[in-house]
Amino acid sequence: MLGTEVAALFVHPFEQRMGIGGALLDSQNAQTLEAFEANPTARAFYAKHGFHQTGTRRHEETGLMLCCLTRAPISH
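Reading guide: rules and limits
The residue numbers shown here count from 1 along each chain, following its written sequence. Under the rules for a predicted model, residues below a pLDDT of 70 receive no local features and side-chain atom pairs below 80 are neither given nor counted, while totals for whole chains, interfaces and linings still include all residues. Side-chain calculation: all heavy atoms of the structure are included, whereas hydrogens and water are not. For each residue, the accessible area found with a 1.4 Å probe, counting protein chains only, is set against the maximum for its type, and the residue is called buried under 20%, exposed over 50%, and partly exposed in between. Comment: elements are numbered from the N terminus, with helices defined as DSSP H or I runs of at least four residues and strands as E runs of at least two. Only strands joined by at least two bridges in the DSSP assignment are considered to pair. Stacked, edge-to-face and tilted labels apply to pairs of Phe, Tyr and Trp rings (six-membered ring for Trp) whose centres lie within 6.5 Å, assigned for plane angles under 30 degrees, over 60, and everything in between, in that order.

Caption draft 1: Representation of the pairing of strand 1 (residues 32-36) in the model. Of the two faces of strand 1, only one is covered, namely that formed by Leu 33 and Ala 35; the face formed by Thr 32, Glu 34 and Phe 36 stays uncovered. As paired elements, strand 1 and strand 3 (residues 65-70) share five bridges and run antiparallel to each other. Its bridge partner being in strand 3, Phe 36 is matched across the sheet by Leu 66.

So this is what it looks like as structure tokens:
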């Protein structure tokens, strides 16, 4: 995390679909992140957790498009 921005989120494949990723997002009050446009699985995961697309930009290192995603702060 960089403040409320998700810098990276990885969950081991054997541990996916157990609520770990969502719990991490919520526990850290994640509000912004970027996901590769070509990764529909990640984009669907983030949409399920309240993120919506606010823009796009080109990833400098790869030239691939990124989706800029945001959500409202979580009230605990």
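Caption draft 2: Highlighting the packing of aromatic side chains. Counted by the stated rule, this structure contains two aromatic pairs. On the basis of an interplanar angle of 70 degrees and a centroid distance of 5.1 Å, the ring pair of Phe 45 and Tyr 46 is categorised as edge-to-face. Its relative accessible area of 9% is what places Tyr 46 among the buried residues. One aromatic cluster is present, built from ring pairs that chain together Phe 45, Tyr 46 and Phe 51.

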